[in-house]
Amino acid sequence: MISVLLADDEPMIRVGVRTILATDPGIEVVAEAGDGREAVELVRAHRPRVALLDIRMPRLDGLAAGAQIRRLVPGTEVVMLTTFGEDDYIARALGDGASGFLLKSGDPRELVAGVHAVAAGGAYLSPKVARRVLDLGGGRMGSGPAARELTRALSDREREVLALVGAGLSNAEIGRRLYLVEGTVKGYLSSIFTRLGVRNRVQAAIVAYEAGLVDGGP
């Protein structure tokens, strides 16, 4: 069962999101918050696997709340769920360690898929956001030659793991593909993040794409 905290200052939105998540018997909303500060407090109390956060909330916005949650409760994955897809919001959320960014205008199935993806150790972006993330990341993390230079410092196995991260596979899926236990995959990821100077899987996936490790990349 995937435990979820839902934070949005609009009660009707919370009801709608909770109803969508309830269609999946493997997901349980264990707490709800009406502002960012309450969200942080409830995450510390309930330790959910996933925190779904709106961006614009009173007392503490979702971006600041997400950053605090990742720092205080690293076992909880953060997913931003918002009507706002501006580049600065995307960059800040992912830079602070969010594992997903979903738009409320998207297909409801994206919400369920996103929760499952990040709970499994993966990352999930709304299709409308994904291309903009690549555009943002290219300049920040080094597109083309710079990204290839970064990945040269990795071992062959680390490059294999990074390529699969770029292809969107979760830790469990990477483990099955490479015949590794999930704990070993996590160890490789920790090393990869350190060597590349990135903070999360989304940023690592951008490097993989720009370095040409993923089919369809440059």
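Each remark here, short or long, concerns the structure printed above.
This one's a predicted model, so the numbers in the text were calculated from it and none came from an experiment.

> Looking at this structure, how should I read the packing of helix H2 (residues 36–46) against helix H3 (residues 62–72)?
When two helices pack together, their arrangement is given by the angle between the helix axes and the distance between those axes. Where H2 contacts H3, the axes come no closer than 9 Å and their chain directions differ by 20 degrees. By the angle between their axes, H2 is roughly parallel relative to H3. In terms of crossing hand, the pair formed by H2 and H3 is right-handed. Residues Gly36, Val40, Val43 and Arg44 of H2 lie in contact with H3, whose contacting residues are Ala65, Gln68, Ile69 and Leu72. Taken together, the residues of the contact of H2 with H3 sort by class into five nonpolar, two polar and one charged.

> Would you take a moment to explain the pairing of strand E3 (residues 50–53) for this structure?
Side-chain positions along a regular strand alternate between the two faces of the sheet. Burial along E3 is two-sided: Val50 and Leu52 facing one way and Ala51 and Leu53 facing the other are all buried. With four bridges connecting them, strand E1 (residues 2–7) and E3 associate as parallel partners. Bridge pairing links Val4 to Val50 in E3. With four bridges joining them, E3 and strand E4 (residues 77–82) adopt parallel strand pairing. Bridging across to E4, Ala51 finds its partner in Val78. Taken together, E3, H3 and E4 form a β-α-β motif whose crossover is right-handed.

> What am I meant to see in the side chain of Asp54 here?
Tracing the sequence through the fold places Asp54 in the loop between E3 and H3. In terms of polar contacts, Asp54 uses its side chain to reach the side chain of Lys104, at 3.4 Å. Excluding its chain neighbours within four sequence positions, the residues that come into contact with Asp54 are Ala7, Asp8, Asp9, Gly62, Met80, Leu81, Thr82 and Lys104.

> I keep staring at unusual backbone geometry and nothing clicks. Help me out?
Glycine aside, the phi torsion of most residues is negative, and most peptide linkages are trans. Of note in this structure, Arg47 is not a glycine but carries a positive phi near 50 degrees. For Arg47, the position within the fold is in the loop between H2 and E3. Its relative accessible area of 51% is what places Arg47 among the exposed residues. Positioned with a positive phi, Arg59 is a non-glycine residue whose angle comes to about 65 degrees. Take Arg59: it is sitting in the loop between E3 and H3.

Criteria and thresholds
- Residues numbered from 1 in each chain as written.
- Predicted model: local features only at pLDDT ≥ 70, side-chain atom pairs only at ≥ 80, totals over all residues.
- Heavy atoms only, no water.
- Axes fitted to C-alpha atoms, helices over the stretch in contact; angles between N-to-C directions.
- Helix = DSSP H or I, 4+ residues; strand = E, 2+ residues; numbered from the N terminus.
- Parallel < 35°, antiparallel > 145°, perpendicular 65-115°, else oblique.
- Left-handed = near helix turned anticlockwise from the far one by under 90°.
- Contact = heavy atoms within 4.5 Å.
- Nonpolar A, V, L, I, M, F, W, Y, C, P; charged D, E, K, R; others polar.
- Buried < 20%, exposed > 50% of the residue type's maximum accessible area, 1.4 Å probe, protein only.
- Pairing = 2+ DSSP bridges.
- Right-handed = clockwise from strand over helix to strand, strands pointing away.
- Polar contact = N/O pair within 3.5 Å; in protein donor to acceptor, adjacent residues only side chain to side chain.

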